[in-house]
Amino acid sequence: MMSVIRSLVLVILLALTNYVQEVQLKRVKGMTNLFRYASHFTDHMVLQHSTSPVIWGYVPDCDQVNIQFKDVTISGLLYPLPNTSECMWKVWLPSTEAGGPYTITADSQQYGVIVLTDIMFGNVWICGGQSNMAFTLNGVYNATDEIKKAAHYPDIRLFTVTRNISDKPLQEFVDYSQHWVIASPDTAKEFSAVCWFFGRDLHDKLKMPIGLISSNWGGTPIEAWSSAAALKYCPSDKSNPSKVSGPNSRSVLWNAMINPLINLTINGVIWYQGEANRGNPLQYNCTFPVMINDWRRAWVNGTAGIMNPDFPFGFVQLSTYGDDNTTSTGFPGIRW
């Protein structure tokens, strides 16, 4: 009899687990008629310290949303979404020094309460580029030791953007491969190695929480990471025509993997890319600085002027590699 009861309990638990996973998936996919935060606001995230970071989400019927944070109640601003009964809600939180954890509660009179827990304030960085930025920690020298060290950095939080393309700028991610997680050997091993070491060194020096957002795709050119408006400033690159399909197409990665972040207050960006553009270094000398300026402009506008218009944008200058003519001349040609 006891074995039958255990089997029934197991079946019920599995059913509940599947139900929860299905609901979470629908929320991540941006399903309408849900009161929710935008998909990249989750437990354990880091918000930029000493600014007024914006948080946002969606609510059916444009119901009023209020945010409770540090014993303060803030009324959200509502922005109706076209062709729906939903509104986007936005709230600017009060400036907060580095530290935590905090709880953020969103309250809708009609649709209840949703809570974010273990929220830290610190430095938030985006790590972008192609394969060298995508290269994960479990592939580095002394990987076993480096992965073990991640257990000592619980105030570093990691977010990985799922690879996706879009012909139009997206408001939020349609999915994510890794929601905000606390750094640990299990969560860090598949994370960008360059991004991890950068964040770890920052944490060691600054002694504050660090939020790292990894958004990259191997083999992709800078045109894919640039907005359509930015690309108008440079002559067309015949080696990357507008009819190229997939992730190499113009603007598709900006639209799907960067644009959803431009309302998020960050400290800066680090960038490791250029190999895919080595065949036309002169073109890159136009597209890369234009892209940097355009990202800065987008973040300033997206955060309503909170972001510094000259926020840090660090990049790796490609080292010498092989004796292929394109590589030996192209890599030095895109250094500046």
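Residues numbered from 1 in each chain as written. Predicted model: local features only at pLDDT ≥ 70, side-chain atom pairs only at ≥ 80, totals over all residues. Heavy atoms only, no water.

(A) Highlighting the pattern of salt bridges. Applying the stated criterion across every chain yields a total of 5 salt bridges. Across the pair Arg-157 and Asp-118 runs a salt bridge, and its minimum N-O distance is 3.0 Å. Of this pair, Arg-157 sits in strand E10 (residues 156-161) while Asp-118 sits in strand E9 (residues 112-129), placing them 39 residues apart in sequence. Note on accessibility: Arg-157 and Asp-118 belong to one class, buried. Taking the shortest distance from any N to any O, the salt bridge between Arg-297 and Asp-294 comes out at 2.7 Å. Highlighted residues: Arg-297 and Asp-294, both in helix H8 (residues 281-302), separated by 3 residues, approximately one helical turn. For Arg-297, a relative accessible area of 41% corresponds to the partly exposed category. Among the ionic contacts, a cluster of salt bridges with common partners joins Glu-146, Lys-149 and Arg-200. (Salt bridge = Lys/Arg side-chain N within 4 Å of Asp/Glu carboxyl O. Helix = DSSP H or I, 4+ residues; strand = E, 2+ residues; numbered from the N terminus. Buried < 20%, exposed > 50% of the residue type's maximum accessible area, 1.4 Å probe, protein only.)

(B) How the structure looks around the side chain of Thr-96. If you trace the backbone, Thr-96 turns up in the loop between strand E7 (86-92) and strand E8 (99-108). Residue classification places Thr-96 among the buried positions, given a relative accessible area of 2%. Sequence-distant contacts of Thr-96, defined by excluding residues within four places in its chain, comprise His-49, Ser-50, Thr-51, Phe-69, Lys-70, Tyr-102 and Phe-121. (Contact = heavy atoms within 4.5 Å.)

(C) Examining the packing of aromatic side chains more closely. One pass over the full model with this rule turns up 20 aromatic pairs. Aromatic side chains Phe-288 and Phe-313 sit 6.2 Å apart centroid to centroid with 70° between the ring planes, which places their arrangement in the edge-to-face category. In this pair, Phe-288 sits in helix H8 while Phe-313 sits in strand E14 (residues 313-315), placing the two residues 25 residues apart along the sequence. Each member of the pair, Phe-288 together with Phe-313, is buried. Of note, Lys-90 hangs over the ring of Tyr-79, and the distance from its end group to the ring centre comes to 5.6 Å. Against the face of Phe-311 rests Arg-296, its NZ or CZ located 5.9 Å from the ring centre. (Phe/Tyr/Trp six-rings, centres within 6.5 Å; stacked < 30°, edge-to-face > 60°. Lys NZ or Arg CZ within 6 Å of the ring centre and 35° of its normal.)

(D) Structural context of the sheet that holds strand E1 (residues 36-37). A sheet is described by the order of its strands in space; here 4 strands give the open sequence E1-E3-E7-E6, paired in antiparallel fashion. Sheet topology places E1 and strand E6 (77-80) at the edges, where each strand pairs with a single neighbour. As paired elements, E6 and E7 share 4 bridges and run antiparallel to each other. Within the sheet, the bridge partner assigned to Leu-78 lies in E7 and is Trp-89. (Pairing = 2+ DSSP bridges.)

(E) Expanded view of the environment of Pro-309. Its location among the elements puts Pro-309 in the loop between H8 and E14. A residue is classified by how much of its surface remains accessible, and Pro-309, at 52% relative accessible area, is exposed. For the pair Pro-309 and Arg-297, spaced 12 residues apart in sequence, the C-alpha to C-alpha distance is 6.7 Å. Excluding its chain neighbours within four sequence positions, the residues that come into contact with Pro-309 are Arg-296 and Val-300.

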